[in-house]
Amino acid sequence: MVEKLKELFVFRELLLNLVKRELKVKYKKSILGFFWSLLNPILTTIVFTFVFAVLLRIQPPVLRYGAIFSFPVFLLCALLPWNFLSISLSLSINSIVGNGNLVKKVYFPREILPSSTVLANLINFCLELLVLFVLLAFLGSRFFLYLPLLIAITIIQTLFTIGMCLIFSCLNVYFRDIQHLLGIILMIWFYATPIIYPFEYVLQMSHKLPWLPFVYKLNPMATFVLAYRSILYECQPPSLFLLGYAVVVSLLTLYFGYLFFNAYEPTFAEEI
Amino acid sequence: MDVSMMLGARFGRTKDMGDEMAIEVNHLWKKFRLYHEKQHTLKYALLSGHRAIFEEFWALKDIHFILKRGQTLGIIGENGSGKSTLLKILARILRPDKGEVSTRGKVSALLELGAGFHPELSGRENVYLNGSILGLSYKEINQKFDEIVGFAELERFIDMPVKNYSSGMYMRLAFAIAVNVNPDILLIDEILAVGDEAFQRKCLEKMYDYKTRGKTIVFVSHSMDHIRNMCDEVIWLKEGEIQVRGNPNKVVNAYIQYVNLEEQRKGKAQQQVEGSRWGSREIEINRVEFLADGGQSKTLFETGEKFIVRINFKAHRKIEKPVFGIRIDRADGVCVTRPNTKLNNVFIDSVQGEGTIEYVVDSLPLLPGSYLVTAAIYDYHCLHSYDHHEQLYEFQVTPGREKESYGVVKIPGRWSMIEQRDSLAND
């Protein structure tokens with residue numbers, strides 16, 4: 001284990017270069033570059049706002065003084081972290097098979113491949129967050145109160161995402177149809193996470209289904225989304241209990257993902 | 001049996017000189033699974049009830065050797081004999097099923113040039129990316145950047161995306177990066193097979209350079225010339241086992257003989273062998289003559305005389321890149337020389353119909369004795385014989401005016417006294 005980590009350290013420049021490669025390739029083709037990647041969340045927000053806020057009348061909770069009241073902002077605070085996970089997963093699931101040429105011909109720690117995709121997306125996510133900050137500042141929100149906590153949550157979510165990506169990219173070597181399955185998994189996961197609706201809606205159901213809120217919070221993405229939203233939208237510190245849970249789940253996911261990946265890594269070059 | 005005992009002895013000996021070893025391969029086994037219609041899908045795994053039908057076969061069986069630092073090891077063998085598998089295990093890309101490999105020093109494997117190049121990125125960006133994939137640090141690449149670009153002769157195009165490169169430019173850049181990786185152990189798989197003559201020569205020069213700098217090299221090739229020239233030791237792999245290991249000439253000769261016999265056995269291209277003649281005869285040697293200065297045919301020459309071997313051949317179809325060669329052996333078996341058109345950089349594009357080729361020696365350096373001549377025509381890789389006349393022609397050399405007569409050849413040396421002190425006079 002220690003040796004593995006030492007080796008990872010030796011190859012840190014490769015990781016960095018692969019992250020750079022991913023970002024460069026992504027933004028190379030257009031002058032607008034990064035701003036193109038903003039288009040996706042903006043359009044999604046417009047569509048979702050129309051469908052869910054205007055047509056279906058989903059209402060974000062009414063908040064105390066100092067916070068703002070706006071469905072698009074309410075949505076974005078959860079949608080951006082969700083996109084970070086879902087884009088990372090859909091891109092990195094193919095990172096071993098897609099780089100088969102490299103895996104079969106050159107030796108390096110394979111976990112670098114999915115990790116570099118996650119890190120490239122993390123940078124993308126951070127840039128999107130910055131844009132969101134500008135928007136929030138413009139609207140007069142006091143989101144900056146708990147900024148250090150937000151950074152901590154982002155780091156924890158990154159660890160969680162890397163863990164998930166290690167598992168899925170490894171599975172994809174042996175079962176290529178996992179890719180198609182992933183789309184469905186992500187769709188269900190998206191609706192099971194309070195992104196387009198407030199968590200209060202779930203709480204309101206608890207008189208009929210008392211176990212529902214508890215089951216909801218088992219989903220680590222729900223925990224993350226609630227934490228992001230409470231800092232950015234509600235300008236409140238997130239529940240420490242929830243944060244603790246997120247840390248434990250993320251570290252376990254990363255650890256398990258790493259073990260899983262390493263158990264199968266030796267045969268990658270043969271299976272691709 | 002014999003071979004393994006020899007290796008066992010070698011193993012014991014080198015173990016004592018532990019710090020000299022660069023690669024130690026200890027009873028290595030590697031198994032592959034051959035699946036019958038396996039699909040890499042979850043659907044298949046679920047429906048077939050986890051029972052994929054496969055055959056196992058051992059790609060490498062009990063491979064055992066030690067390579068000392070600074071040595072160049074060649075690996076030869078037919079396709080599918082396990083050469084690349086062995087190289088990949090040495091490079092840690094594949095894991096052995098049994099046995100172990102230990103290496104000392106930084107290992108770099110050139111199994112494919114330009115692995116990891118991204119077509120959208122510029123040459124410059126790819127140098128950094130590919131460099132780091134091969135294990136170079138940012139600092140090292142910075143230092144060597146100009147050298148790499150210069151070697152690849154791409155100064156003007158370095159900021160262009162590599163998707164716009166010609167394949168030659170692509171290979172040059174990839175190779176320039178690869179040779180600037182500074183490993184202690186270099187593993188090379190058939191890289192020399194790509195590219196034109198000039199490129200291959202550049203590769204070889206670089207490899208010699210590595211050799212003289214005391215690097216350990218493991219080298220897989222189908223080019224017997226390169227193997228003969230580069231290696232200190234050769235392993236011939238056959239169906240995953242070490243068939244023969246030893247000095248390059250011995251192993252390569254054994255291998256070529258085996259390949260010829262094997263082709264013959266399989267009846268490939270109607271191989272014919274009569275006595276000391278073999279080959280597929282798409283191109284045939286009709287006559288071999290020895291000519292003197294005036295052009296008359298004879299078999300008795302004097303040392304220092306002009307000597308011409310003339311080969312008349314007939315190609316029944318168009319033969320691409322044939323290699324003509326002769327070998328002169330003294331009657332007692334000492335090989336004097338084995339020139340061929342490829343070694344002497346005479347490039348023959350193709351031949352068809354009848355023709356004559358001559359090997360001219362202005363001043364025959366052979367000392368008195370009886371000599372046997374082998375004439376042969378091979379394909380470009382000197383593996384497939386079209387027509388091989390093994391020691392079918394004979395000529396004699398007499399002393400003539402030359403007094404020197406002991407040994408094989410008269411080499412163009414001179415004597416000169418540099419200093420002579422009359423020490424007796426001083427006493």
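Cut-off values and rules
Here the residue index of a chain counts from 1 through its sequence in written order. Each chain gets a letter, beginning with A, and each ligand a number, beginning with 1, in the order they are written. Only residues with pLDDT of at least 70 are given local features in this predicted model, and only at 80 or more are side-chain atom pairs given and counted; all residues enter the totals for whole chains, interfaces and linings. In computing side-chain values, all of the structure's heavy atoms are included and hydrogens and water are not. To qualify as a helix, a DSSP run of H or I must reach at least 4 residues; to qualify as a strand, a run of E must reach at least 2; elements of each kind are numbered from the N terminus. Our radius of gyration looks at C-alpha atoms and nothing else; its globule reference is 2.2 Å times the residue count to the power 0.38. With a 1.4 Å probe rolled over the protein chains alone, any residue whose accessible area is under 20% of its type maximum counts as buried; one over 50% counts as exposed, and the rest are partly exposed. Whether two residues are in contact is decided by their heavy atoms: any pair within 4.5 Å suffices. Per-residue accessibility takes into account occlusion by the displayed protein chains alone, with areas from the Shrake-Rupley method and a 1.4 Å probe. Charge convention: Lys and Arg are scored as positive, Asp and Glu as negative, and His as well as the terminal groups of each chain are ignored. In this description, the location of a charge corresponds to atom NZ of lysine, CZ of arginine, CG of aspartate or CD of glutamate. To define a nonpolar core, start from buried Ala, Val, Leu, Ile, Met, Phe, Trp, Tyr and Cys residues and group those joined through side-chain atoms within 4.5 Å. Note on terms: buried area is the combined drop in 1.4 Å-probe accessible area of two parts once they are placed together, counting the loss on both. Here a salt bridge means any side-chain nitrogen of Lys or Arg lying within 4 Å of a carboxyl oxygen belonging to Asp or Glu. Under the rule applied, a polar contact is a pair of N or O atoms within 3.5 Å (in protein, one hydrogen donor and one hydrogen acceptor; residues adjacent in sequence only if both atoms are side-chain atoms). Each pair of aromatic rings taken from Phe, Tyr and Trp, with Trp reduced to its six-membered ring, is defined by centres within 6.5 Å and is described as stacked if the planes are under 30 degrees apart, edge-to-face if over 60, and tilted in the remaining cases. In this scheme, Lys NZ or Arg CZ marks a charge over a ring once it lies within 6 Å of the ring centre and within 35 degrees of the ring normal. Any two strands with at least two DSSP bridges between them are considered paired. Helix axes use the C-alpha atoms of the stretch in contact, all axes being lines fitted to C-alpha atoms, and the angles between their N-to-C directions lie in the range 0 to 180 degrees.

A. Representation of the overall build of chain A in the model. Regarding its fold elements, chain A presents 14 helices and zero strands. Beginning at the N terminus, the succession of helices and strands in chain A can be written as α-α-α-α-α-α-α-α-α-α-α-α-α-α. By the compact-globule yardstick of 19 Å for 272 residues, chain A fits well, its C-alpha radius of gyration being 20 Å. Here chain A holds 272 residues, and 54% of them are scored as buried. Expressed as a percentage of contacts within chain A between residues at least 6 apart in sequence, the contacts between residues at least 24 apart total 81%. Just so you have it, chain A exposes about 12,800 Å², and 75% of that area is on carbon and sulfur atoms. When the 19 basic and 12 acidic side-chain charges of chain A are each reduced to a single mean position, those positions are 9 Å apart.

B. Examining the environment of Pro-114 of chain A more closely. Residue and element names in this part refer to chain A. Position of Pro-114 relative to the elements: it lies in helix α7 (residues 112–139). Between the C-alpha atom of Pro-114 and that of Phe-48, which follows or precedes it by 66 residues, the distance is 30 Å. Setting aside residues no more than four positions away along its own chain, Pro-114 makes contact with Ser-92, Ser-95, Ile-96, Cys-165, Leu-166, Ser-169 and Phe-261.

C. Focus on the nonpolar core. Judged by nonpolar contacts, the single largest core of 82 residues is most densely connected at Leu-89, Trp-189 and Leu-232 of chain A. With near-sequence residues (within four places) excluded, Trp-189 of chain A lies in contact with Trp-82, Leu-85, Leu-89, Phe-160, Met-164, Asn-219 and Met-221 of chain A. Judged by nonpolar contacts, the second largest core, of 49 residues, contains Tyr-128, Val-149, Ala-152 and Val-259 of chain B.

D. Quick look at the interface of chain B and chain A. In this complex, chain B contributes 32 residues to the contact, which on the side of chain A involves 30 residues. Interface area for chain B against chain A, summed over the two sides, is near 2,800 Å², with a carbon-plus-sulfur share of 58%. When the area that chain B buries against chain A is broken down by residue, the three leading residues are His-40, Ile-93 and Ile-133 of chain B, summing to 22%. Applying the counting rule to chain B against chain A returns five salt bridges. The partner of Glu-265 of chain A in a salt bridge is Arg-95 of chain B, with the nearest N and O atoms 3.7 Å apart. Taken together, the connections running from chain B to chain A amount to seven residue pairs in polar contact (both at pLDDT 80 or more). At the level of elements, β1 (21–35), α2 (42–47) and α4 (123–133) of chain B are the ones that each hand at least two residues to the side of chain B that touches chain A. Considering each element in turn, the side of chain B that touches chain A owes the most residues, five residues, to α4 of chain B.

E. Spotlight on the packing of aromatic side chains. Across all of its chains, the model carries 35 aromatic pairs over all chains by this definition. Here Phe-84 of chain A and Phe-125 of chain A contribute two aromatic rings whose centre-to-centre distance is 5.1 Å and whose plane-to-plane angle is 5°, an arrangement assigned as stacked. Pair noted here: Phe-84 of chain A is in helix α4 (residues 71–92) and Phe-125 of chain A is in helix α7, with a separation of 41 residues, a long-range link. Judged by its relative accessible area of 3%, Phe-84 of chain A falls in the buried class. Feature note: the residues Phe-48, Phe-52, Trp-82, Phe-160, Trp-189, Phe-190, Tyr-191 and Phe-224 of chain A constitute an aromatic cluster, connected by ring pairs. We note Lys-342 of chain B situated over the ring of Tyr-380 of chain B; from NZ or CZ to the ring centre the distance is 4.2 Å.

F. A look at the pairing of strand β8 (residues 233–238) of chain B. Residues and elements named next belong to chain B. The buried fraction of β8 amounts to five of the six residues, a majority that puts the element mostly inside the structure. Here four bridges tie strand β3 (residues 72–76) to β8, and the two strands are oriented parallel to one another. Pairing of Ile-76 across the sheet is with Trp-236, part of β8. The pairing of β8 with strand β9 (residues 241–246) spans five bridges and is classified as antiparallel.

G. Local environment of unusual backbone geometry. Residues and elements named next belong to chain B. For Asn-345, which is not glycine, the phi dihedral falls at a positive 60°. Relative to the elements of secondary structure, Asn-345 occurs in the loop between β16 (335–337) and β17 (350–361). Look at Asn-345 and you get exposed, because its relative accessible area is 57%. Of note in the backbone geometry, Cys-382 takes a positive phi value of approximately 55° without being a glycine. A relative accessible area of 11% places Cys-382 in the buried class.

H. Up close: the sheet that holds strand β7 (residues 216–220) of chain B. All names here are of chain B. Here six strands make up an open sheet; going across it, the order is β5-β6-β7-β3-β8-β9 and the pairing mixed. Pairing within the sheet leaves two strands with one partner each, and these edge strands are β5 (107–110) and β9. Recorded for the sheet is a direction-independent mean angle of 15° between the axes of neighbouring strands. Relative to strand β6 (residues 185–189), β5 runs parallel, the two sharing four bridges. Counted as the bridge partner of Ser-108 is Leu-186 from β6. Seen against the sheet, helix α3 (residues 83–90) touches β3, β5, β6, β7 and β8 and runs at an angle of roughly 150° to β6.

I. Broad picture of the sheet that holds strand β14 (residues 307–320) of chain B. Residues and elements named next belong to chain B. Spatially, the three strands line up as an open sheet ordered β12-β14-β17, and their pairing is antiparallel. Every other strand in the sheet has two partners, leaving β12 (283–291) and β17 as the edge strands with one partner each. Here the average twist between neighbouring strands, direction ignored, is 15°.

J. Here's a closer look at the environment of Asn-180 of chain B. All names here are of chain B. Tracing the sequence through the fold places Asn-180 in helix α6 (residues 167–180). C-alpha separation for the pair Asn-180 and Phe-145, spaced 35 residues apart in sequence, amounts to 9.5 Å. Ignoring any residue separated from it by four or fewer positions in sequence, one finds Asn-180 in contact with Leu-136, Lys-144, Glu-147 and Ile-148.

From the geometry alone we can't say anything about function, so treat these as descriptive.
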